[in-house]
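# A look at the structure
Given next are the chains, with one letter for each unit.
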Amino acid sequence: MSRFSAASFLLSAADPGQFPPDCGLEIAFAGRSNAGKSSAINAILARRGLARSGKTPGQTRLVNFFGVGPERRVVDLPGYGYARVPERERSQWGPLIERLRERASLAGLFLIVDARRGISESDLALIAWADPARRAIHVLLSKADKLTRREASAALREARHGLPAHASVQLFSAVDGTGVAEAQRAFTQLLDQREGK
Ligand code: GDP
């Protein structure tokens, strides 16, 4: 899809005061560390190397914004689930995502979940954070290439069962391309809606 191939890095925010103005529409991407979030962003935007995975705690606590069109943004949230994250960083994370949640431009959440692990408590906490009654939640069961067909459909069934009714979920692989077009459609649909809806 060439539509978002003009995506570009906007800014990294360590503090809510650095967020871009709250206008237009944006989609947050989140997931446990190593779930495949950076790979998913790059596959959906068809931009290799745009989002980088930060494996080292300390480099990963920033919220990165990418511009994907006029007043359209991707918000790349730090990966969670790192036991080793120092307390100082952990205490920054709360206010940062609290302020993000207040943004009128935040239209939805793409949550990346390793298909082999399934949906965890911390994934569900993040969904609750995003307020699924008000915002679209789209779950990508990533690394689907690592599962057999049978395992993949079982993972999909189980995930559907564990998610709030409004959330949508699909299989995804940045490696073999499974579900990339479907994810791009969900992404585009969200960003094409009129604002204030
Ligand atoms: P992040 O930490 O959530 O941003 O995850 P990354 O995108 O950096 O991916 C973490 C690891 O999983 C890397 O070694 C990737 O190469 C690998 N990975 C990501 N997506 C896929 C996928 O769809 N299939 C497979 N097999 N590996 C993947």
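In the block above lies the structure referred to throughout.
Given the structure is predicted, the values throughout are model-derived calculations rather than measurements.

## Brief notes about the overall build of the chain
Scanning the chain from terminus to terminus reveals 5 helices and 7 strands. Secondary structure elements of the chain, listed N to C terminal, follow the sequence β-β-α-β-β-α-β-α-β-α-β-α. Classification of the 197 residues of the chain by burial places 50% in the buried group. Of the contacts made within the chain by residues no fewer than 6 positions apart, 77% connect residues no fewer than 24 positions apart. For the chain, the accessible area works out to roughly 9900 Å², and carbon and sulfur atoms hold 49% of it.

## A short note on the site of the ligand
Near the ligand you find 15 residues, and of these Lys37, Ser38, Ser39, Ser53 and Asp145 are the closest. Within the backbone of glycine 36, an N or O atom sits 2.9 Å from an oxygen atom of the ligand. The side chain of serine 38 places a nitrogen or oxygen atom 2.6 Å from an oxygen atom of the ligand. Burial of the ligand by the protein amounts to 76% of the accessible area it has alone, namely 570 Å². Counted by class, the shell around the ligand contains 3 nonpolar, 6 polar and 6 charged residues.

## Some points on the sheet that holds strand β5 (residues 106–114)
Two pairing modes exist for strands in a sheet, parallel and antiparallel, and in both the strands are linked by backbone hydrogen bonds. Strand order in the open sheet made by the 7 strands is β1-β3-β4-β2-β5-β6-β7, with mixed pairing throughout. With one partner strand each, in any of the chains shown, β1 (8–13) and β7 (168–171) form the two edges of the open sheet. Within this sheet the neighbouring strands show an average axis-to-axis angle of 20°, counted without direction. This element, helix α5 (residues 180–192), spans β2 (25–31), β3 (63–69), β4 (72–76), β5, β6 (136–142) and β7 of the sheet and lies at about 140° to β2.

## Overview of helix α4 (residues 149–162)
Between its terminal C-alpha atoms α4 stretches 20 Å, which fits the 20 Å expected from 14 residues at 1.5 Å a residue. Residues of α4 that are buried include every one of Ala152, Ala155, Leu156 and Ala159, and no others. All buried residues of α4 project into a common sector of 100° when viewed along the axis, lining one side. In α4, those exposed residues whose orientation departs by more than 90 degrees from the buried face are Arg150, Arg157, Glu158 and His161. Residues of α4 that are buried make contact with β6 and β7.

## Focus: the packing of aromatic side chains
Summed over the entire model, instances satisfying the criterion amount to 5 aromatic pairs. Measuring from centroid to centroid gives 5.8 Å for phenylalanine 9 and phenylalanine 66, while their planes differ by 70°, and the two rings are edge-to-face. Placement of the pair is phenylalanine 9 in strand β1 and phenylalanine 66 in strand β3, with a sequence separation of 57 residues. A residue is classified by how much of its surface remains accessible, and phenylalanine 9, at 45% relative accessible area, is partly exposed.

## Observations regarding the side chain of aspartate 123
Position of aspartate 123 among the secondary structure elements: in helix α3 (residues 121–130). Summary of buried charges: aspartate 123 has no salt-bridge partner, and the nearest side chain of opposite charge, arginine 32, is 5.9 Å away.

## Details of unusual backbone geometry
Most peptide bonds are trans, and most residues other than glycine sit at a negative phi. Backbone geometry places asparagine 34, a non-glycine residue, at a positive phi of 80°. Inspection of the secondary structure assignment puts asparagine 34 in the loop between β2 and α1 (37–44). On the basis of relative accessibility, which here comes to 52%, the residue asparagine 34 falls in the exposed class. Here the phi dihedral of alanine 46 falls at roughly 55°; this positive angle occurs in a residue that is not glycine. For alanine 46, the location among the structural elements is in the loop between α1 and β3. What makes alanine 46 partly exposed here is its relative accessible area of 39%.

## Considering α3
Those residues of α3 not exposed but buried are Asp123, Leu126, Ile127, Trp129 and Ala130. Down the axis of α3, the smallest arc covering the buried residues is 155°, so these residues share one side. Backbone geometry just after α3 places aspartate 131 at a positive phi near 65°.

About the cut-offs
- Note on numbering: residues in each chain are counted from 1, in written sequence order.
- Reporting in this predicted model follows two pLDDT cut-offs: at least 70 for local features of residues, and 80 or more for side-chain atom pairs to be given and counted; totals over whole chains, interfaces and linings ignore these cut-offs and use all residues.
- Computation of side-chain values: all heavy atoms of the structure, hydrogens and water removed.
- Only DSSP runs of H or I covering at least 4 residues are called helices, and only runs of E covering at least 2 are called strands; the numbering of each starts at the N terminus.
- Between buried and exposed lies partly exposed: a residue is buried under 20% and exposed over 50% of the maximum accessible area for its type, with that area taken using a 1.4 Å probe on protein chains only.
- Should any heavy atoms of two residues lie within 4.5 Å, those residues are counted as being in contact.
- Under the convention used here, a 1.4 Å probe and the Shrake-Rupley method define accessible areas, while residue burial counts only the protein chains that appear.
- Summary of the distance rule: residues count as near a molecule or strand when at least one heavy atom falls within 4 Å of that molecule or strand.
- Definition of a polar contact: a pair of N or O atoms within 3.5 Å, with one able to donate and the other able to accept a hydrogen when the atoms are protein atoms, and with sequence-neighbouring residues admitted only if both atoms are side-chain atoms.
- Three classes are used: nonpolar for Ala, Val, Leu, Ile, Met, Phe, Trp, Tyr, Cys and Pro, charged for Asp, Glu, Lys and Arg, and polar for all others, with Gly counted as polar.
- Two strands are said to pair when DSSP picks up at least two bridges between them.
- For helices, the fitted line uses only the C-alpha atoms of the stretch in contact; every axis is such a line through C-alpha atoms, and the angle between N-to-C directions lies from 0 to 180 degrees.
- One fewer than the residue count of a helix, multiplied by 1.5 Å, yields its expected span.
- The arc in question is formed by the directions pointing from the helix axis toward the C-beta atoms.
- Each Phe, Tyr or Trp ring, with Trp reduced to its six-membered ring, pairs with another whose centre is within 6.5 Å; inter-plane angles below 30 degrees give stacked pairs, above 60 give edge-to-face pairs, and intermediate values give tilted ones.
- Note on charges: Lys and Arg go in the positive column, Asp and Glu in the negative column, and His and the chain ends are not counted at all.
- In the sections that follow, a salt bridge refers to a side-chain nitrogen of Lys or Arg positioned within 4 Å of a carboxyl oxygen of Asp or Glu.

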